[in-house]
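Understanding the architecture of this molecule
Next come the chains, spelled out residue by residue.
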Amino acid sequence: MAELKTVGRFAPTPSGRMHLGNVFAALIAWLSVRSKGGEMVLRMEDLDTQRTSEEYAQILREDLRWLGLDYDRETPPQSARSAVYDRYFDKLAQMGLLYPCYCTRSQLHSVNAPHLSDGTYVYPGTCRNLTEAQRATFHRAPAWRVRVPDRVWTVKDRVQGHYECNLATDCGDMVVRRADGVYVYQLAVTVDDGEAGVTEVVRGMDLLSSAPRQMYLQELLDFPHPAYAHVPMLLAPDGRRLSKRDKDLDLGQLRARVTPERLIGTLAFSAGLIERNEPVSARELAGEFRWDKLRRESIFLNFEQLI
């Protein structure tokens, strides 16, 4: 039996220049695919059309070329796929799993609502069993939620190890389409990855909790589960997460200061992939890449190494 071809993806949001955390996730995803002779897919996640633009998308493509992170194909951006998401939304509706939710943002974040230790709310099912008469009393468009089962999902993550989540108690029924008609991240990503034939998902550790949500939707929509690898976060020396908002050494600044080999060498050294902090190309790293080399914990990056 032929071995399944590895298909990976990098799915940036074109809302600004990539910062080092974005570059790191892209690098690891690329190294994993290229080390196995697989296929790399690029996708622009631009559901929020108010913050994203084709101008930034083009800059992202150019930045990837500068880094030496090539890709084999680019799939249509999420903003062009509403009709596709409609089909899968209808499938969930036909299964009897969707219901309208009229809860406001303030209700969801109220002090009386159940919350996890990180401050995120667990949806208590307020609108789950409303009657038609009760729904008729609301004079606003609803969001749509999918019912989740009381079941534990297990992720065997290549970096973070064993992770468990019971969707019923850890998040509650999930929104799949907002009141304004825009599809949400969890449904869009599940459909995008499934239709693109993605076999492994490499992204930041902050998205680990998304894996069980997407595994549930994959099961409902008849997509296979990809392998997951949630890479450690890059942090400033003071423990702050890097972000586009703070302009933490984005590629606009870095390309004027360092070579791509210098940047990739520093990231690879900080992550434990090479023993010395020295310039190296992505192509040179690919032949030696192994998941067991990669550090699991967050990485504190000394910016002075790059200046």
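For the structure itself, consult the block above.
The shown structure was predicted, so the numbers you read here are calculated from the model rather than taken from an experiment.

**Brief notes about the overall build of the protein chain**
Within the protein chain, the regular secondary structure consists of 11 helices and 12 strands. In terms of overall size, the protein chain behaves like a compact globule, its C-alpha atoms giving a radius of gyration of 21 Å where 307 residues would be expected to give roughly 19 Å. For the protein chain, with 307 residues in total, the buried portion stands at 50%. Counting contacts in the protein chain only where the partners sit at least 6 residues apart, residues at least 24 apart contribute 77% of the total.

**Considerations on the pattern of salt bridges**
Under the criterion given, the structure shown has 28 salt bridges. A salt bridge links Arg255 to Glu62, with the shortest nitrogen-to-oxygen separation between them at 3.5 Å. With Arg255 in the loop between helix H9 (251-254) and helix H10 (260-270) and Glu62 in helix H2 (residues 54-67), the pair connects residues that are 193 residues apart, well separated along the chain. A relative accessible area of 29% means that Arg255 is categorised as partly exposed. A salt bridge links Lys91 to Asp222; the nearest nitrogen and oxygen atoms lie 2.8 Å apart. Within this pair, whereas Lys91 is found in helix H3 (residues 82-94), its partner Asp222 is found in the loop between helix H8 (210-220) and strand S10 (227-231), the two being separated by 131 residues in sequence. Taking the relative accessible area as the measure of exposure, Asp222 reaches 59% and is therefore exposed. The network of salt bridges with common partners includes Arg9, Arg43, Glu45, Arg81, Arg87, Asp192, Asp193 and Glu195.

**What to know about the sheet that holds strand S5 (residues 143-146)**
Taken together, the three strands give an open sheet; going across it, the order is S4-S5-S8, and neighbouring strands pair in antiparallel fashion. Strand pairing shows two members of the sheet lacking a second neighbour, strand S4 (98-101) and strand S8 (174-177), which therefore form its edges. Direction aside, neighbouring strands of the sheet carry axes that sit 45° apart on average. Judged from the four bridges that link them, S4 and S5 form a sheet pairing that is antiparallel. Note on S5: the bridge partner recorded for Tyr99 is Arg145.

**Concerning the environment of Ile28**
You can see Ile28 is positioned in helix H1 (residues 20-35). The class for Ile28 is buried, based on a relative accessible area of 0%. Separated by 120 residues in the primary sequence, Ile28 and Val148 have C-alpha atoms spaced 32 Å apart. Excluding anything up to four places from it in sequence, Ile28 contacts Val202, Val231, Leu273, Phe289, Trp291 and Leu294.

**Examining the pairing of strand S7 (residues 161-166)**
Two strands pair when backbone bridges link them, and strand S6 (residues 152-157) and S7 are joined in this way by six bridges, in the antiparallel orientation. Along S7, the bridge assignment pairs Val152 with Asn166. Where S6 hands over to S7, the hairpin turn is made up of three residues, counted between the paired strands.

**A closer look at the pairing of strand S9 (residues 200-204)**
Walk down a regular strand and you will see the side chains alternate between the two sheet faces. Where burial is concerned, most of S9 is hidden: five out of the five residues are buried. In the sheet, S9 pairs with S10 via five bridges, with the strands oriented parallel. Bridge pairing links Val202 to Ala229 in S10.

**Re helix H7 (residues 185-196)**
With 12 residues, H7 extends 16 Å between its outermost C-alpha atoms, agreeing within 8% with the 16 Å of an ideal straight helix rising 1.5 Å per residue. Judged by how many residues are buried, H7 sits mostly within the fold: nine of 12 residues are covered. Against strand S1 (7-10), strand S3 (73-74), H3, S8, S9 and H8 lie the buried residues of H7. After H7 finishes, the residue Gly197 shows a positive phi value of roughly 75°.

**A closer look at H1**
In this model H1 runs 22 Å from its N-terminal to its C-terminal C-alpha over 16 residues, within 8% of the 22 Å that 1.5 Å per residue would give. Most of H1 is tucked away, with 13 of its 16 residues classed as buried.

**Notes on the sheet that holds strand S2 (residues 39-42)**
One open sheet holds the three strands; their spatial order is S1-S2-S3, and the pairing between them is parallel. Of all the strands in the sheet, just S1 and S3 have a single pairing partner and so form its edges. Pairing of S1 with S2 involves four bridges; the strand directions are parallel. Residue pairing in the sheet places Gly8 in a bridge with Met40 of S2. Here H1 sits on the sheet and contacts S1 and S2; the angle it forms with S2, its principal contact strand, is near 150°.

The rules we used
Residues numbered from 1 in each chain as written. Predicted model: local features only at pLDDT ≥ 70, side-chain atom pairs only at ≥ 80, totals over all residues. Heavy atoms only, no water. Helix = DSSP H or I, 4+ residues; strand = E, 2+ residues; numbered from the N terminus. Rg over C-alpha atoms; globule rule 2.2 N^0.38 Å. Buried < 20%, exposed > 50% of the residue type's maximum accessible area, 1.4 Å probe, protein only. Contact = heavy atoms within 4.5 Å. Salt bridge = Lys/Arg side-chain N within 4 Å of Asp/Glu carboxyl O. Pairing = 2+ DSSP bridges. Axes fitted to C-alpha atoms, helices over the stretch in contact; angles between N-to-C directions. Expected span 1.5 Å × (residues − 1).

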